Amino acid sequence: MLGRLNHVAIAVRDAEKAARIYGAAFDAEISAAVPLPEHGVITVFVTLPNTKIEFIQPLGDNSPIAKFVERNADGGIHHICYDVPDIIATRDKLIKDGARVLGDGAPKIGAHGKPVLFFHPKDFSGALVEIEQA
Ligand code: CO
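This write-up is about the structure you can find in this document. This structure is a prediction, so every number in the text was calculated from the model and none was measured.

Further remarks concern helix H3 (residues 87-96). Inspection of H3 places Ile87, Thr90, Arg91 and Leu94 among the buried residues, and these make up the whole buried set. Axial view of H3: buried residues confined to an arc of 100 degrees, hence all on one face. Buried residues belonging to H3 abut strand E6 (76-84), strand E8 (115-119) and strand E9 (128-133). Sitting at the amino-terminal end of H3 is Asp86, which places a side-chain oxygen 3.2 Å from the backbone nitrogen of Ile88. With its phi angle positive at about 105 degrees, Gly98 sits one or two positions after the end of H3.

Spelled out as structure tokens, the structure:
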């Protein structure tokens, strides 16, 4: 079951700069920058009443978003994150249906301190999908 839209992620070279632009343009509330070495990104969140925008920038030599940011030098929408009530049940259902989970399939702790998983964009209409335990 799909829950709420948790966030839309935009990959950029400088997440704080990108968030500041939103802050200035829309008077939006922006978070501090949080490095997530396990995910190879630095995140900055912009809080909206109904969801969040997650700006991510590459962190470290093997960042999974390094190539994306190289190809999209001005930034670009990188993934969409949905809340799910049971991340393991959702993972198992999607895999059974033929979707490809990224990495080893074990949830990692995401930017909100909750388990997350990613699914291949080719299995979801060209958009990388992140699911987060609600
Ligand atoms: Co995300």
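Next, the rest of the story.
Before going further, it helps to examine the packing of aromatic side chains. For the structure shown, the criterion picks out three aromatic pairs. Between Tyr22 and Phe26, the aromatic rings sit 5.5 Å apart at their centres with planes inclined by 70 degrees, giving edge-to-face as the arrangement. With Tyr22 and Phe26 both in helix H1 (residues 15-26) and four residues apart, the pair spans about one turn of that helix. Given a relative accessible area of 26%, Tyr22 falls into the partly exposed group. Judged by relative accessible area, Phe26 falls into the exposed class, the value being 60%. In this structure an aromatic cluster arises from ring pairing among Tyr22, Phe26 and Phe55.

This brings us to the coordination of the cobalt ion. Looking at the metal site, the cobalt ion is ligated by His7 (NE2), Glu54 (OE), His79 (NE2) and Glu130 (OE), spaced 2.1 to 2.4 Å from it. Around the cobalt ion sit four donor atoms; with metal-centred angles ranging over 86 to 172 degrees, the donor geometry is irregular. Read from N- to C-terminus, the donor residues coordinating the cobalt ion fall into the pattern H-x46-E-x24-H-x50-E. Taken together, the residues Glu54 in strand E5 (residues 52-58) and His79 in strand E6 connect sequence positions 25 residues apart. For Glu54, a relative accessible area of 5% corresponds to the buried category. Judged by its relative accessible area of 3%, His79 falls in the buried class.

On to the layout of surface pockets, then. Here the largest pocket is characterised by a volume of approximately 580 Å³. Within the residue set of the lining of the largest pocket, elements represented by two or more residues are strand E4 (41-47), E5, helix H2 (66-71), E6, E8 and E9. Grouping the constituent residues of the lining of the largest pocket by class yields 13 nonpolar, seven polar and seven charged.

Here the focus is the side chain of Glu132. Within the fold, Glu132 resides in strand E9. Lys114 provides the closest opposite charge to the buried, unpaired Glu132, separated from it by 4.9 Å. Beyond its immediate sequence surroundings of up to four residues, Glu132 is in contact with Asn6, His7, Cys81, Tyr82, Asp83, Val84, Ile87, His112, Lys114, Pro115 and Val116.

Here we come to the environment of Ile87. Residue placement: Ile87 occurs in helix H3. For Ile87 and Leu117, which are 30 residues apart along the polypeptide, the C-alpha to C-alpha distance reads 8.0 Å. When near neighbours in sequence (up to four residues on either side) are disregarded, Ile87 contacts Pro107, Pro115, Val116, Leu117, Ile131, Glu132 and Gln133.

About the thresholds
Residues numbered from 1 in each chain as written. Predicted model: local features only at pLDDT ≥ 70, side-chain atom pairs only at ≥ 80, totals over all residues. Heavy atoms only, no water. Buried < 20%, exposed > 50% of the residue type's maximum accessible area, 1.4 Å probe, protein only. Helix = DSSP H or I, 4+ residues; strand = E, 2+ residues; numbered from the N terminus. Arc of directions from axis to C-beta. Contact = heavy atoms within 4.5 Å. Polar contact = N/O pair within 3.5 Å; in protein donor to acceptor, adjacent residues only side chain to side chain. Phe/Tyr/Trp six-rings, centres within 6.5 Å; stacked < 30°, edge-to-face > 60°. Donors = N, O, S within 2.8 Å, 3.2 Å for Na, K, Ca; no water. Tetrahedral: all angles 85-135°; square planar, octahedral: opposite > 155°, others 65-115°. 1 Å grid on protein atoms, 1.4 Å probe; cavity = no way out; pocket = protein on both sides within 12 Å on 5 of 7 lines; lining within 4 Å. Points joined across faces, edges and corners; volume = space filled by probe spheres on them. Nonpolar A, V, L, I, M, F, W, Y, C, P; charged D, E, K, R; others polar. Lys, Arg positive; Asp, Glu negative; His and termini not counted. Salt bridge = Lys/Arg side-chain N within 4 Å of Asp/Glu carboxyl O.

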